[in-house]
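Spelled out from the first residue to the last, the chains are:
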Amino acid sequence: MSKRTSSALLALSVLAVSLAGCTSKPASVASFDSGEIPAGVYIYNQYSQYSQFMSYTGTADLSFKVSEDKTLEDAIKEDSLDAMKKYAAVESECARLGITLSEGEMEDIAQSADKSYNYSKELYSKKGIAQTSVEKTAVNNSLYYKLMEKLYSEGGEMAVTKEEKEKYLTDTYRRAAIIDIPLTDDEGNPLEGEEKEKAKKEAKELFSAIEKNEKSFTEVFKSVNEKKGTAVPEQDDAKKYSTLITKDDFRFAPDFTVSLFSGDKKEMNKPFIYEAEASTYIYMVFDVLENNFADELGSNLIFEMKSKDFSDYLLKKSEEINLVFDEKALKAYEIKKIVDR
């Protein structure tokens, strides 16, 4: 090969690299003190939100109004940018506190990401999402929960006290064993007239039998449920049939759940009766804190109590790590462009 030919090829090679640099899209959408946010992570977050919204509502229209002054496209961008801020803050805070994932945890994530990615490989590839982006997102999610537990558990920088946990539980939950006697027929239609009065009378008689110790609560609980076609295990303690109830619990009539949280505190371990429109409830209330329930919930209670606070904490921390977004990259990876691919 002549020197002239060699020089020409070298010039073409340099030009090709130069052009590739001009036309290829950025590999990251932001940088911060200890790293970068990969573009694929940003794309994956946006497209996940879009897919989730589409599955819930059935609409794929990005101009859909999610509020008076915000379209779906606006909402996805806003939420994704916040998610990226938290992504960076988690990476930074975990580096500061020395929080890492074990080899076993990393292997589990890699296997899960591999399975998830290959399930939708064609779609992900089309949208510009690499398997590494799915994996990095999963790693960051795991670090998110490890960081949260570290900060809010005993000995942490923002540790939740036992008193705080107990107050949250007593404000948020009620524990009760409930016998639900429906005032409807087998097809769910409301009983009327004499049939309804008869069912209400039978419920009152069962309550009276429990109150007078003629029948045990567990005996009535089992018989009523079996009559409805629900098999229940034999128990000698009504507490073993108890369940946790929240203020917006959909399993029971709203006025009944409101009554459980009213200022009129119910005596523990004593039967009560409540008549709602479609059911009569015979129930017993128990102490939600009994048997160290807060300890039993462990880190799950912290996640439930502090999710909003932790999200705010991460957004604030993102302002302290020199996080800079690449506006050209954000423009290149707008959700409408990802959807149109």
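Note that the coordinates shown come from a computational prediction; the quantities given were computed from them, not determined experimentally. (Residues numbered from 1 in each chain as written. Predicted model: local features only at pLDDT ≥ 70, side-chain atom pairs only at ≥ 80, totals over all residues. Heavy atoms only, no water.)

Undergrad: Explain the sheet that holds strand β9 (residues 324-325) to me, and be specific about the residues and the numbers.
TA: Taken in spatial order, the three strands make up an open sheet running β2-β1-β9, and their pairing is antiparallel. The outermost strands of the open sheet, each flanked by one partner alone, are β2 (35-38) and β9. The pairing of strand β1 (residues 28-32) with β9 spans two bridges and is antiparallel. The partner of A30 across the bridge, within β9, is F325. (Pairing = 2+ DSSP bridges. Helix = DSSP H or I, 4+ residues; strand = E, 2+ residues; numbered from the N terminus.)

Undergrad: Account for the environment of K240, with residues named and values stated.
TA: Within the secondary structure layout, K240 lies in the loop between α9 (217-227) and β6 (243-245). Taking the C-alpha atoms as reference, K240 lies 9.8 Å from A176; in sequence the two are 64 residues apart. A distance of 3.5 Å separates polar atoms of two side chains, one belonging to K240 and the other to D236. (Polar contact = N/O pair within 3.5 Å; in protein donor to acceptor, adjacent residues only side chain to side chain.)

Undergrad: Can you tell me about the sheet that holds strand β7 (residues 271-275), naming the residues and giving the values?
TA: Whether parallel or antiparallel, the strands of a sheet pair through hydrogen bonds between backbone atoms. Across the sheet, four strands lie side by side as β6-β5-β8-β7; this open sheet has antiparallel pairing. With partners counted over all chains shown, the strands left at the sheet margins are β6 and β7, one partner each. Each adjacent strand pair in this sheet contributes to an overall mean axis angle of 45°, direction not counted. Note: strand β5 (residues 174-182) against strand β8 (residues 279-286), eight bridges, orientation antiparallel. Across the sheet, the residue bridging to D180 is Y281, located in β8. (Axes fitted to C-alpha atoms, helices over the stretch in contact; angles between N-to-C directions.)

Undergrad: Describe the nonpolar core, listing the residues and the values that go with them.
TA: Core analysis: the largest hydrophobic core is formed by 33 residues, its most contacted members being V29, I37, L323 and Y333. Beyond its immediate sequence surroundings of up to four residues, V29 is in contact with I37, P38, A39, Y42, V324, F325, D326, A329, L330 and Y333. (Core = buried A, V, L, I, M, F, W, Y, C linked by side-chain atoms within 4.5 Å. Buried < 20%, exposed > 50% of the residue type's maximum accessible area, 1.4 Å probe, protein only. Contact = heavy atoms within 4.5 Å.)

Undergrad: Pulling in residues and values, what's your account of α9?
TA: By the burial criterion, the buried members of α9 are F217, T218, V220, F221, K222, V224 and N225. For α9, the elements touching its buried residues are β5, α8 (193-211) and β8. Looking one or two residues beyond α9, the residue adopting positive phi is G229, at roughly 90°.

Undergrad: Could you give me a rundown of the confidence of the model for the chain, with the residues and numbers involved?
TA: On average, residues of the chain score 89 in pLDDT, and 92% of them are at 70 or above. β9 holds the highest mean pLDDT among the elements of the chain, 98, whereas helix α1 (residues 3-23) holds the lowest, 37. Throughout residues 1-23 the model reports pLDDT below 50, and contacts reaching past four residues in sequence, or to other chains, amount to two contacts. (pLDDT = per-residue confidence, 0-100.)

Undergrad: Let's hear about the pattern of salt bridges: which residues, and what values?
TA: One pass over the structure, following the stated rule, counts 19 salt bridges. Between E226 and K222 there is a salt bridge, with its nearest N and O atoms 2.4 Å apart. Note that E226 and K222 are positioned in helix α9 at a spacing of four residues, about one turn of the helix. Between K239 and E290 there is a salt bridge, with the nearest N and O atoms lying 2.6 Å from each other. Residue K239 is found in the loop between α9 and β6, and its partner E290 is found in the loop between β8 and α11 (293-297); the two are separated by 51 residues along the sequence. A single salt-bridge network, built from bridges that share partners, covers E93, R96 and E157. (Salt bridge = Lys/Arg side-chain N within 4 Å of Asp/Glu carboxyl O.)

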